[in-house]
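# Residue-level structural notes
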Amino acid sequence: MESKILHEFEYITRDGKEAYLALFNDSLKLHISPEVYVYDLEGRPVFIYYNNVLYERGLSNEFVAKKWTSFTPPKRYLARVKDIGLKKRVVEYAHMRIKEVLSLSPPSEFTPILRKILYMNFDRLDEEGRRFYQIYKPISILPPDQYLALVLQPVEGCPYNKCSFCTFYRDRKFRFKTIDEFRKHVKYVINFVGKGILMRRKIFLADANALVTPMNMLKKYISIIYEYIPNIYISGLYSFMDYFTVRKDLDDFKWLRGMGLKMVYIGLETGDESLLKILNKPGPPEKAVEAVNLLKKAGIDVGVIVLIGAGGKKYFDRHVDNTIKILNEMYLDDRDIIYFSKLKVSESSEYYKISSKYGLGYLSDDEMEDQIRRIKDGLRHSRKPIQAIYDIDEFIY
Ligand code: SF4
């Protein structure tokens, strides 16, 4: 189901600006240049751009604010909005724009959704944010192309959970949901998200490694998804996967592809085995090559994540050279993505201690950019994979 415009309305705002309102089959968009407001069909704000700042709101009622301070080279300010007063002001400013258009008698098809948006005032959005955490364990991270997916959590946590740089799932024990629990979870999620599902047609199987689930159980999880969510609302299934705990063969992956698994995201981090030891991530990196090539053979696309800055100054060259080597051994093409994720170190992480102990040093932002450039320059795939930045700070759900 493609996103398409159902109704349009053009008008002049009270402050004399040209405005364009469009009702899509999955969302509502209001453009009052340069302001942009995007809502899902339950009246929740998804993107609000005004005052030169882009605010993105997640289902958990978290907001992130982005401001571009330069476009060439692109530089931006990014922050999680902690200030409740600011969140409220953003929602209320947008409501002022919605009230205005409603008072100008737009075509009647717009009335229900505009009223719904106004009904979802800040207190209701806030209350919804609290309800979110009754349904979900916190969604710690998603790949950047999955921020608008519908997340389902058949599995909680990470079965390994020991990488020295990663603290995403330290707050929970790894476990599979029972079939009954998962069924309930899916029902709650569908009820919670309502018509918002129309904007979220990718289904992301969380948490860190849902594909570690044994096939008989995974088949049950997937059949529950299709039982409760009509095919028309599902553009594909997606998941993270590691390359050292998952035991699946080509037939398993082909079956999963047949059931809609379109892309799998794998944290390679580095192609350098000694650096993997510092990251406390099991290797060898050749296993990542095997896993990626098996997925590709099954017709599943892959997102490979490289940890830029890993090993600091000390490992700079080895990280670059061996990562290029390993990436070039993967049968990647222009349907795949290589993500460059810049290392962010929290002082509570194991990596922080190791880095201090061995004097690894940290890369400046320019050095990180240089590392990305050098890896990109070394790629030799005939149909180049997409290459993009993976900024974990911009994630909200
Ligand atoms: S990086 Fe991946 S495998 Fe390692 S602990 Fe984090 S989620 Fe688990």
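Residues numbered from 1 in each chain as written. Predicted model: local features only at pLDDT ≥ 70, side-chain atom pairs only at ≥ 80, totals over all residues.

### Focus: the nonpolar core
Among the nonpolar cores identified, the biggest contains 79 residues, and Val 264, Ile 266, Val 292, Val 302, Val 304 and Val 306 are the most heavily contacted of them. Top contributing element to this core by residue count: strand E14 (residues 261-269), with 6 residues. Excluding its chain neighbours within four sequence positions, the residues that come into contact with Val 264 are Leu 211, Ser 239, Met 241, Leu 295, Ile 300 and Val 302. Residues Leu 21, Leu 30, Val 90 and Met 199 belong to the second largest nonpolar core, which totals 22 residues. (Core = buried A, V, L, I, M, F, W, Y, C linked by C-beta atoms within 7 Å. Buried ≥ 20, exposed ≤ 12 C-beta atoms within 10 Å, placed from the backbone. Helix = DSSP H or I, 4+ residues; strand = E, 2+ residues; numbered from the N terminus. Contact = placed C-beta atoms within 7 Å.)

### Side note on the site of the ligand
Taken together, Cys 158, Tyr 160, Asn 161, Lys 162, Cys 163, Cys 166, Phe 168, Tyr 169, Ala 208, Asp 242, Gly 267 and Lys 281 form the complete shell of residues around the ligand. Here the residues of the shell around the ligand are counted per class, giving 7 nonpolar, 2 polar and 3 charged. (Near = placed C-beta within 6 Å. Nonpolar A, V, L, I, M, F, W, Y, C, P; charged D, E, K, R; others polar.)

### Description of the environment of Pro 73
Take Pro 73: it is sitting in the loop between strand E7 (63-71) and strand E8 (74-81). Residue classification places Pro 73 among the exposed positions, given that 6 C-beta atoms sit within 10 Å. As for Pro 73 and Gly 194, which are separated by 121 residues in sequence, their C-alpha atoms are 40 Å apart.

### Things to note about the sheet that holds strand E9 (residues 150-152)
Reading across the sheet, the 7 strands line up as E9-E12-E13-E14-E15-E16-E17 and stay open at both edges, with parallel pairing between neighbours. Looking along the sheet, the strands with just one partner apiece sit at the ends: E9 and strand E17 (386-389). Strand-to-strand twist of the sheet, defined as the mean angle between neighbouring strand axes without regard to direction, takes the value 25°. Bridging between strand E12 (residues 202-205) and strand E13 (residues 236-240) involves 4 bridges; their strand directions are parallel. The partner of Phe 204 across the bridge, within E13, is Tyr 238. (Pairing = 2+ DSSP bridges. Axes fitted to C-alpha atoms, helices over the stretch in contact; angles between N-to-C directions.)

### Quick look at the domain arrangement of the chain
Each domain of the chain was delimited in the assignment, giving domain 1 (5-128) and domain 2 (136-394). Its C-alpha centre places domain 1 at a distance of 31 Å from the equivalent point of domain 2. In this complex, domain 1 contributes 12 residues to the contact, which on the side of domain 2 involves 8 residues. Grouping the constituent residues of the side of domain 1 that touches domain 2 by class yields 5 nonpolar, 2 polar and 5 charged. (Domains from an automatic or database assignment.)

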